[in-house]
Amino acid sequence: MKLSSTGLSHLGLRVTDLARARQFYVDILGFQPLIEQAGILICNAYGSVIAFGGDAPETDKHDRFDPYRVGLDHAALAVSDLDALEDMKRGLDAANVSNNGIELDEFTHATYISFYDPDGIAWELYVTPKR
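Bear in mind that the values here come from a model prediction, so they are computed numbers and not experimental data.

**Q** What should I look at first to understand the environment of G101 in this one?
**A** Residue position: G101 is located in strand β6 (residues 99-104). Expressed as a C-alpha distance, the spacing of G101 and G91, which sit 10 residues apart in the sequence, is 12 Å.

Here's what the structure looks like:
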């Protein structure tokens, strides 16, 4: 079977505290809210749609993201160049978002910054080398 998909529609992430996630993703990272209703926040993340589900009684408030479980390992946002990445590093630092600084991906030879949201979900800001 071959799907007739035109690409990824959206990414859905479960969070433990939707208000805290909103503050992180909207106020710090600059995602644009598209829809906000009880238990869900849908944002435009620089051209990608990400839906955040939270405040569900079924979600353990003490749960943390684990990149070694089956499922999402991390999410990466594309960055245009090293200058923009350096600006974003300064922004993360100013917002007190713990990050690993600018690193080199030995496999792809790309530069990136890895960091985590309040639930420990792993993110990268990733400059793909031009080929």
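Now that the structure is up, let's keep going.
**Q** Could you clarify how one ought to interpret the packing of aromatic side chains in this entry?
**A** The geometry of two aromatic rings is summed up by the distance between their centres and the angle between their planes. All chains considered together, the criterion is met by 8 aromatic pairs. On the basis of an interplanar angle of 85° and a centroid distance of 5.1 Å, the ring pair of F24 and Y25 is categorised as edge-to-face. Among the aromatic residues, those joined into a ring-pair cluster are F24, Y25, F31, Y46, F52, F115 and W123.

**Q** Mind showing me how you'd approach unusual backbone geometry here?
**A** Note: most peptide bonds trans; most residues except glycine with negative phi. Unlike most non-glycine residues, Y46 shows phi in positive territory, near 60°. Relative to the assigned elements, Y46 resides in the loop between β3 (40-45) and β4 (48-53). Accessibility expressed as a relative area gives 58% for Y46, which makes it exposed. Even without being glycine, N96 reaches a positive phi, approximately 60°. When you line up the elements, N96 lands in the loop between α2 (82-94) and β6.

**Q** Honestly, the pairing of strand β5 (residues 75-78) in this entry has me stumped. Any pointers?
**A** Consecutive residues of a regular strand have side chains that alternate between opposite faces of the sheet. With burial as the criterion, only one face of β5 is covered, namely that bearing A75 and L77; the residues A76 and A78 on the opposite face remain uncovered. In terms of strand pairing, β5 meets strand β8 (residues 122-127) through 4 bridges, oriented parallel. Looking at the pairing, A78 lines up with Y126 of β8.

**Q** How do you make sense of the layout of surface pockets when you look at a structure like this?
**A** Rolling a probe over the atoms, with the probe sized like a water molecule, indicates the empty space that remains. The calculated volume of the largest pocket comes to roughly 320 Å³. Lining the largest pocket we find 17 residues, and of these R14, D63, F65, R69 and I121 sit closest to its centre. When the residues that make up the lining of the largest pocket are grouped by side-chain class, the tally is 7 nonpolar, 4 polar and 6 charged. Its boundaries defined by the atoms lining it, the second largest pocket holds a volume of some 240 Å³.

**Q** Can you walk me through the sheet that holds β8 in this structure?
**A** Strands belonging to one sheet form pairs held by backbone hydrogen bonds; the direction of such a pair is parallel or antiparallel. A sheet is described by the order of its strands in space; here 4 strands give the open sequence β5-β8-β7-β6, paired in mixed fashion. On the outer flanks of this sheet lie β5 and β6, each paired with one strand and no other. Along the sheet, successive strands turn relative to each other by an average axial angle of 25°, direction set aside. Sheet analysis places β6 next to strand β7 (residues 111-116), joined by 4 bridges and oriented antiparallel. Counterpart to I102 in the pairing with β7 is I113.

**Q** Would you mind going over the side chain of D117 with me for this structure?
**A** Tracing the chain through its elements places D117 in the loop between β7 and β8. Despite being buried, D117 has no salt bridge partner; R64 is the closest side chain of opposite charge, sitting 5.8 Å away. Within the structure, D117 has its side chain in polar contact with the backbone nitrogen of I121 (distance 2.8 Å). Ignoring sequence-local partners within four residues, the contact set of D117 consists of V15, F24, Y25 and W123.

Thresholds, definitions, all that
- Residues numbered from 1 in each chain as written.
- Predicted model: local features only at pLDDT ≥ 70, side-chain atom pairs only at ≥ 80, totals over all residues.
- Heavy atoms only, no water.
- Helix = DSSP H or I, 4+ residues; strand = E, 2+ residues; numbered from the N terminus.
- Phe/Tyr/Trp six-rings, centres within 6.5 Å; stacked < 30°, edge-to-face > 60°.
- Buried < 20%, exposed > 50% of the residue type's maximum accessible area, 1.4 Å probe, protein only.
- Pairing = 2+ DSSP bridges.
- 1 Å grid on protein atoms, 1.4 Å probe; cavity = no way out; pocket = protein on both sides within 12 Å on 5 of 7 lines; lining within 4 Å.
- Points joined across faces, edges and corners; volume = space filled by probe spheres on them.
- Nonpolar A, V, L, I, M, F, W, Y, C, P; charged D, E, K, R; others polar.
- Axes fitted to C-alpha atoms, helices over the stretch in contact; angles between N-to-C directions.
- Lys, Arg positive; Asp, Glu negative; His and termini not counted.
- Salt bridge = Lys/Arg side-chain N within 4 Å of Asp/Glu carboxyl O.
- Polar contact = N/O pair within 3.5 Å; in protein donor to acceptor, adjacent residues only side chain to side chain.
- Contact = heavy atoms within 4.5 Å.

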